[in-house]
Amino acid sequence: MAENILDVSDSTFDSEVLKSDIPVLVDFWAPWCGPCKAIGPVIEEISKDYEGKVKFFKCNVDDNPVTPGNFGIRAIPTLLIFKGGEKLDQIVGMVDKAKIEETLNKSL
Amino acid sequence: MNSTDYDLVIIGGGPAGLTASIYAARARLNTLLLEKSAPGGQILVTDWIENYPGFPEGLSGADLVVKMTDQAKRFGVEIETNQVKSMDVADTVKKLVLNNRTVTCKAVIIATGASPRKLGVPGEEEFYGKGISTCATCDAPFFRNSVVAAIGGGDTAVQESIFLTRFVNKVYLIHRRDQLRATRILQERVLENDKIEIVWDSVLTSVNGSDAGVTGISVKNVKTGDVSELAVEGCFVWVGITPNTSFLNDAIQVDKGGFIVVNAKMETSISGVYAAGDVRNTPLRQVATAVGDSAIAAFEAANYIETLEGH
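Residues numbered from 1 in each chain as written. Chains lettered and ligands numbered in written order. Predicted model: local features only at pLDDT ≥ 70, side-chain atom pairs only at ≥ 80, totals over all residues. Heavy atoms only, no water.

**Considerations on the nonpolar core**
One finds Met87, Leu96 and Ile110 of chain B to be the most contacted residues of the largest nonpolar core, which totals 73 residues. Once residues within four sequence positions are removed from consideration, Ile110 of chain B is found in contact with Ile11, Met87, Phe247, Leu248, Ile252, Ile260, Val273, Tyr274, Ala275, Ala276 and Val279 of chain B. Grouped together as the second largest cluster of nonpolar side chains are 42 residues, Cys33 of chain A together with Cys135, Phe167 and Leu173 of chain B included. (Core = buried A, V, L, I, M, F, W, Y, C linked by side-chain atoms within 4.5 Å. Buried < 20%, exposed > 50% of the residue type's maximum accessible area, 1.4 Å probe, protein only. Contact = heavy atoms within 4.5 Å.)

As structure tokens, this is what we get:
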């Protein structure tokens, strides 16, 4: 896994994501989800282009049930974008790389 | 013949596009494979493929994609994450406008597949990802020990409903007719599954819920007109597919459903442009048929390019 995408857990979500001083993308995934595995490398590519501008995290929903529950997530992959502790956008399912970039750009 | 960036551009990285790329690479065509997201397409969401020959135990869609992608890469196929916004393919030099650049080529294979069709009922958009899903393998674990609905009666609806029963207590399978369209072996399995109750002759009319997500659905019996409410936490929609052809702009002939019309050579209404897999007009949409289409399309594209070059 690329080092610019770190794991975030239920216990670190507040400090890493909500208190971040720059926008954050969180990729909610699970090992049993085919599309999640497929979209991983796409997120990795994007994370390189946005280095320093947006923080990227992955959240395993199997190990961390509280956070996805708090955001009403019942489908993965789901990408949530945060800025200043607020959820800005939600992207559900396998989507185009361009769509993810477009949505991310709104947070900059 | 003017020189072009590529001999062949293949649009789409599902089983059809990946297969075409393998054949094209082995024919030594300078090939670009475009995939807008990640290779795989619809089979990524398929929990188990047990009718693709060569894998007697079956395998997951995701695993099959990895194997096909590895095979394509072994022959040097270049896979780029990009998508076609529009194309100008009438002449011998084909121009494709991508997100950030324009490429030229001699032949094109369209293998963009299809996406799950939406019903367009109230609540469907609103609750997408909050109870509405089209991917059982992704989302079934979010509905452990709950009651869900599945809409449809074809292979996908029936197979995925059976998969759902590994997690949920009950599945209402809502089908608009009085018999299923799914292949017989799947029908047998669904009829003997205690956790699945088939609601015949019925269509979904709305998905209901609150901020927290889906709480129920409304279904209408098409014979009696009666509308009833079913309390469910999830609703999986498998009512067919719609072709991914928005970039075509009427340049290529499609049928009434929007699927690309091809001949036995997988050639479209424009010479040098081929279509393969789920995006074309075909009576059956399977991995097995997609790979067959693509082998022919790549073979014919190679012949076409050779003719152009006057060999």
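**Regarding the state of the cysteines**
Taken as a whole, this structure holds two disulfides over all chains when the rule is applied. Across a sulfur-sulfur distance of 2.2 Å, Cys33 of chain A and Cys36 of chain A are joined as a disulfide pair. Between Cys33 of chain A and Cys36 of chain A the sulfur-sulfur dihedral comes to about 80°; the bridge is accordingly right-handed. In terms of burial, Cys33 of chain A and Cys36 of chain A fall into one category: buried. Disulfide pairing places Cys135 of chain B opposite Cys138 of chain B at an S-S distance of 2.1 Å. Between Cys135 of chain B and Cys138 of chain B the disulfide shows an S-S torsion of about 70°. By sign, it is right-handed. (Disulfide = S-S within 2.5 Å.)

**Looking at the side chain of Ser161 of chain B**
Residue and element names in this part refer to chain B. Looking at the element boundaries, Ser161 is found in helix α4 (residues 155-164). In this structure the side chain of Ser161 is engaged in a polar contact, spanning 2.6 Å, whose partner is the backbone oxygen of Ala157. Excluding residues within four positions of it along the chain, Ser161 makes contact with Ala150, Val171, Leu173, Ile196 and Trp238. (Helix = DSSP H or I, 4+ residues; strand = E, 2+ residues; numbered from the N terminus. Polar contact = N/O pair within 3.5 Å; in protein donor to acceptor, adjacent residues only side chain to side chain.)

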